[in-house]
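# Chain and residue survey
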Amino acid sequence: MNKLQIKLEDLKDKNKKALVAYLVAGDPDLDTTLELMHLFVNSGVDVIEIGVPFTDPIAEGPIIQKAHDRALKKDISLKNIVDMVIKFRQTNTDTPIVLMGYLNTFISHSDLIEESDKLGIDALLVVDIPGELKLDSYGISNPNIDTISLISPTTADTRIKQITENSSGFIYYVNLRGVTGSSNLDMTEIEQNISKIRQYTSIPTLAGFGIKTPSDAKILAKCADGVIVGSSIVEMIDAVKETKDFSKIEEYLKDLNRAIN
Amino acid sequence: MSNKENFPDVNGFFGEYGGKFVPETLMCALDELETTYNNLKDDPTFIKEFYKDLSHFVGRPSPLYFAQRLTEHYGGGNIWLKREDLNHTGAHKINNTVGQILLAKHMGKKRIIAETGAGQHGVATATVAARLGLECHIYMGAEDVRRQSLNVYRIKLLGAHVHPVDSGSATLKDALNEALRDWVTNVDDTYYIIGSVTGPHPYPMIVRDFNSVVGQELITQSNELFNKLPDAVVACVGGGSNAMGAFYPFIKEDDVRLIGVEAGGEGVETGEHAAPLNDGTPGVLHGARSYLMQDEAGQVKDTKSVSAGLDYPGVGPEHSWLKDIGRAEYVAVSDDEALKAFHEVTELEGIMPALETAHAFAYLPILMKELGPEANVVVNVSGRGDKDINTVAQIDGIEF
C-alpha cells in the first residue's frame, strides 16, 4: 500500500472522514505553496491535492482558472512542482499528495510521472481523460501511484463499473453538473449516486465540487468517505497573497475538519 | 480507390488522432449525441429534411464558378471557385449548423450554445436557432468581439446572447473553453453546436459529414463543367471544417491533390502564427488529440493571425491524420500574403473573400506555377469578406 491508501484505511479504521484540500501550485509562488502545504497539514488536512496549471483548464470555474493563469505567468511547470514536492518531503513523509491536472501537461512530462513515486507523489488525477481509459496508453504510467478517476451525476451505470475497475486510491465523485466553484448541491442525488458507486467498489468515495462551507462538508461527510475543497481555499489564498496572513485559511480548514468528524 | 475515408474508428480515432478527452460530466452527452447521430444519419426522412433545408434555406447547391481573370492573371491552369460565400449567412458554416440543429431538435434540447471566432459560426448558429425559436448563447473571445463587431451585432439581431470571453488570449480557443464549461453546467437541456471539425468525438465526424455536401457537389459540378475531377482542391484551414467538407469526398480519389492552407501570421519561421500542421506537435486540447501549438511543458501557445477564424492553436484530428499518411498537403501563407490575395481577388473577380478564404487564394502563386496549363484547380471560397472590411480598412490606414 502507498501513503494514500494507508492514510484512507487508517481514517476508516478510526471511523473518521478524509479532508482533502486543493491549491494551485505556484499561486502566488512556489515558496508560498510549500508553506501552505505545511499549514494545511497542521490544520487537519489529510490529503493535499496540487493543481498543475494548464493554459486551458476546461473543468475549472473562474476562481481556479485565474489561479492557473497567475501560476503560468510565473512559468510554473511540472518540473518545478516536483522539485517543490521533494522539498516538502524533507520534513513530511506521510501526507499523501495527489497531482490534479490536464492530460497534455502530463503527457509532456511522462518521464517525471514514471519516477513520480520516488519523487514523493502518491496519485494522479487527470481531469480530461475518460475513467475507463488507462493512463499507460498515453505514455503516462507508474504502477506505484494511484489513478484517481472522476464519476459525475451523469455517468451511466455501465461506465461506473468500468471506471471503478480502473481506479485506485479513491473515487472522486463530482457533486454537480458544472465547473469547480459552482453551487447548488442536490443532496438526494449525491447520496443515491454515492451508494450506487459503493455497489461496484470498496475503495473510498470522496465528494468534491461545490463545497463552500463547513456545513456543506458536514452534510456530504454523512454519505461520502471524505470531502475535497478547492475553490474557496484558492480564493482565500489570493485574497491574502500580499499580507501572507493565512490565519483565516487555518481557521477554515480546522472548521472543515471538525464539521466532517 | 482506398479506404482512407472509413474513419473515425468506433472509439473516435483517426489513426492516433481524435478521441474523447473531456471532463467526465460530458461523456454521457457525447454518447447520447453519437447514438442519435448514428440512428439518424442513414434515415431517409432525416436525410430528406437536411437536404430540403440545404436547398431552400441555405440556397444550395452553391455554384462552381470559372474565375476568368484570375486564371489569366496566373497564366497557368484553370481556376474554379466553389462559391460557399453565396450561402445564406455568407459562409460554409451554415451547412453544419442546419444539420446539427436538426439533431438538437430530435434530441429535444431547448437551449443552444456555440463558440465562434470570426463570428460566422456564431451567425450561422444564431440563425438556425432563431428559425426554431430556441434560446441561443454564443461564446466569443473579447479580442474577436472587437475585430468582428459587425458579426457580433448580427448575432444579437438574431436574438442570441453574446458572451465575450476575457480569459487566456481572448480568442477562439478561449471561447471554446467557455462553451465547454457552459455545457458541463447545463448538460441536461443544452445542445452544443461545435463549429469546426474539432472537439471530442463524435463532433469531428458529424461536422465533416454535414459539410461534405460541398465536396459532393464539387464532384458533380466538375464532371459537368470540365468532364473530370479537379487536379487540386485548395482550402484554408483553421479548425479545418471548410477544408474537410471539400476534401472528404475526394479522399479516395488519389489523383486529386488536397491542399490545406494554414495561417502563417507573421511568418511560420517567426513562431508568430496559427499553423499547427506546419509548426506544431501532437497534443490534447478541447477533447481531441491532434497537432497543436504548444511549448515543451505542454502549455498551449498563443496564436497570431490577421484572420479571427483561423486564429486557433489546434486543428481537426482528421487533418492531422491526412497529413501523417500523406493524403493531404498542408502549407502556410503569411498575413501579408493573405491581404494581398484579398485585394487581388476582389479587384480581378468582383468577389470579396473572407480573410480566412484569402489564405487559400494566397497559395495560388506557388501552386499555379507547379501545375500545367490544362490543370483544373478548385479554390473553396469558404466565406465572403464583408465582415472583414473594418480590419482591412484599419490595416490600409482608412478611418470611417
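Below is a short write-up of the structure. (Residues numbered from 1 in each chain as written. Chains lettered and ligands numbered in written order. Predicted model: local features only at pLDDT ≥ 70, side-chain atom pairs only at ≥ 80, totals over all residues. Heavy atoms only, no water.)

## Details of the overall build of chain B
To keep it simple, the criterion reads: Every helix listed is a DSSP run of H or I at least four residues long, and every strand listed is a run of E at least two residues long, numbered separately from the N terminus. In this description the radius of gyration comes from C-alpha coordinates, and the expected globular size is given by 2.2 Å times residues to the power 0.38. We call two residues in contact whenever any of their non-hydrogen atoms come within 4.5 Å of each other. Per-residue and other accessible areas follow the Shrake-Rupley method at a 1.4 Å probe size, with only the shown protein chains counted as cover for residues.
A tally of helices and strands in chain B yields 17 helices and 14 strands. Relative to its length of 400 residues, chain B is compact, with a C-alpha radius of gyration of 19 Å against a globular reference of 21 Å. With respect to the three principal axes, the spread of C-alpha positions in chain B is 55 × 50 × 45 Å. In chain B, the share of contacts with a sequence separation of at least 24, taken over all contacts with a separation of at least 6, comes to 74%. When the accessible surface of chain B is summed, it comes to about 13,700 Å², and 50% of that surface belongs to carbon and sulfur atoms.

## Considerations on the environment of B:Thr190
Residues and elements named next belong to chain B. In plain terms, the rule: Only protein chains enter the area calculation, which uses a 1.4 Å probe; residues under 20% of their type maximum are buried, those over 50% are exposed, and those in between are partly exposed. By the criterion applied in these results, polar contacts are pairs of N or O atoms within 3.5 Å in which, for protein atoms, one can donate a hydrogen and the other can accept it, and in which residues neighboring in sequence qualify only through two side-chain atoms.
Within the secondary structure, threonine 190 sits in strand β8 (residues 190-192). Using a relative accessible area of 1% as the deciding quantity, one classes threonine 190 as buried. In this structure the C-alpha to C-alpha distance between threonine 190 and isoleucine 112, which are 78 residues apart in sequence, comes to 5.7 Å. Sequence-distant contacts of threonine 190, defined by excluding residues within four places in its chain, comprise Lys109, Arg111, Ile113, Asp182 and Trp183. A distance of 3.0 Å separates a polar atom in the side chain of threonine 190 from a polar atom in the side chain of aspartate 189.

## Looking at the packing of aromatic side chains
All names here are of chain A. Put simply, the rule reads: Only centres within 6.5 Å qualify two rings of Phe, Tyr or Trp (six-membered ring in Trp) as a pair; their planes then separate them into stacked at under 30 degrees, edge-to-face at over 60, and tilted for everything else.
Taken as a whole and judged by the stated rule, the model has 15 aromatic pairs over all chains. Aromatic pair phenylalanine 54 and tyrosine 102: ring centres 5.6 Å apart, planes at 20 degrees, arrangement stacked. With a gap of 48 residues between them, phenylalanine 54 in the loop between β2 (47-51) and α3 (62-73) and tyrosine 102 in the loop between β3 (97-101) and α5 (103-107) connect regions that are remote in the sequence. According to the relative accessible area criterion, phenylalanine 54 is buried, its value standing at 2%. Looking at tyrosine 102, the relative accessible area reads 1%, which means it is buried. On the numbers, 5.9 Å between centres and 85 degrees between planes, the contact of tyrosine 172 with phenylalanine 209 is edge-to-face. Residue tyrosine 172 is found in strand β7 (residues 171-174), and its partner phenylalanine 209 is found in the loop between β8 (205-208) and α9 (214-221); the two are separated by 37 residues along the sequence. In terms of burial, tyrosine 172 and phenylalanine 209 fall into one category: buried.

## Considerations on the nonpolar core
Rule in force here: In this text, buried Ala, Val, Leu, Ile, Met, Phe, Trp, Tyr and Cys residues form a nonpolar core when linked through side-chain atoms within 4.5 Å.
One finds A:Phe40, A:Ile50 and B:Trp183 to be the most contacted residues of the largest nonpolar core, which totals 184 residues. Setting aside its immediate chain neighbours within four residues, A:Phe40 contacts A:Ala21, A:Tyr22, A:Leu23, A:Val45, A:Ile48, A:Ile233, A:Ile249 and A:Leu253. Residues B:Ile259, B:Ala263, B:Val377 and B:Val381 belong to the second largest nonpolar core, which totals 31 residues.

## Let's talk about the pattern of salt bridges
Any two side chains of opposite charge can pair if their charged atoms end up close together. Let me state the cut-off plainly: Any Lys or Arg side-chain nitrogen found within 4 Å of a carboxyl oxygen on Asp or Glu counts as a salt bridge.
Scanning the model with the defined rule gives 45 salt bridges over all chains in all. Linking A:Arg89 and A:Asp122 is a salt bridge whose minimum nitrogen-to-oxygen distance equals 2.9 Å. Residue A:Arg89 is located in helix α4 (residues 78-89), and its partner A:Asp122 is located in the loop between α6 (110-114) and β4 (123-126); the two are separated by 33 residues in the primary sequence. Assessed through its relative accessible area of 4%, A:Asp122 is described here as buried. Put simply, B:Asp386 and B:Arg384 hold a salt bridge, and the shortest N to O gap is 3.6 Å. When salt bridges that share partners are traced, they join A:Asp27, A:Arg70, A:Asp238 and A:Lys241 into one network.

## Concerning the sheet that holds β8(B)
Sheet strands line up and pair through hydrogen bonds in the backbone, either parallel or antiparallel. Residues and elements named next belong to chain B. Counted only if it meets this: A pair of strands is labelled paired if DSSP reports no fewer than 2 bridges between them. For helices, the fitted axis covers only the stretch in contact; all axes are lines through C-alpha atoms, and the angles between them, taken along N-to-C directions, range from 0 to 180 degrees.
Taken in spatial order, the four strands line up as β7-β6-β5-β8 in an open sheet, and their pairing is parallel. The outermost strands of the open sheet, each flanked by one partner alone, are β7 (161-165) and β8. In this sheet, neighbouring strand axes are inclined to one another by 25 degrees on average, regardless of whether the strands run parallel or antiparallel. With six bridges joining them, strand β5 (residues 111-116) and strand β6 (residues 135-141) adopt parallel strand pairing. Each bridged residue has a counterpart across the sheet, and for arginine 111 the counterpart in β6 is glutamate 135.

## Details of the interface of chain A and chain B
Listed by partner, the interface residues are 38 residues for chain A and 33 residues for chain B. Between the two partners, chain A and chain B, sit three salt bridges. B:Glu24 is the salt-bridge partner of A:Arg159, the closest N and O atoms lying 2.7 Å from each other. Taken together, the links from chain A to chain B amount to 17 residue pairs in polar contact (both at pLDDT 80 or more). Counting only elements with at least two residues in the side of chain A that touches chain B, the list comes to α3, α5, β6 (149-151) and α7 (157-165) of chain A. Here the side of chain A that touches chain B takes four residues from α5(A), the largest share from any one element.

## A closer look at the side chain of A:Asp122
There is a polar contact of 3.3 Å between the side chain of A:Asp122 and the side chain of A:Lys3. Setting aside anything within four residues of it in sequence, one finds A:Asp122 in contact with A:Asn2, A:Lys3, A:Leu4, A:Arg89, A:Thr95, A:Pro96, A:Ile97, A:Ile145 and A:Asp146.

## A closer look at the packing of helix α2 (residues 30-42) of chain A against α4(A)
Residue and element names in this part refer to chain A. Using the following cut-off: Comment on the angle field: the value is read as roughly parallel under 35 degrees, roughly antiparallel over 145, roughly perpendicular from 65 to 115, and oblique elsewhere. Crossing handedness is defined as follows: a turn of the near helix away from the far one that is anticlockwise and smaller than a right angle gives a left-handed crossing, while the clockwise case is right-handed.
Where α2 meets α4, the closest approach of the two axes is 10 Å, and the angle between their N-to-C directions is 45 degrees. When the interaxial angle is binned, α2 and α4 end up oblique. Crossing angle aside, the handedness with which α2 passes α4 is right-handed. Across the interface between the two elements, Leu30, Asp31, Thr33, Leu34, Met37, His38 and Val41 of α2 pack against Asn80, Met84, Lys87 and Phe88 of α4.

## A word on the sheet that holds β6(A)
Residues and elements named next belong to chain A. Pairing within the open sheet is parallel, and its nine strands lie in the order β5-β4-β3-β2-β1-β9-β8-β7-β6. Lying at the two open borders of the sheet, with one neighbouring strand each, are β5 (146-147) and β6. Pairing between strand β1 (residues 18-24) and β2: five bridges, direction parallel. Looking across to β2, one finds that tyrosine 22 is bridged to glutamate 49. Each of β2 and β3 touches α4; the most contacted strand, β3, lies at about 165 degrees to it. On the sheet, α7 packs against β6 and β7 and is oriented at approximately 160 degrees with respect to β6.

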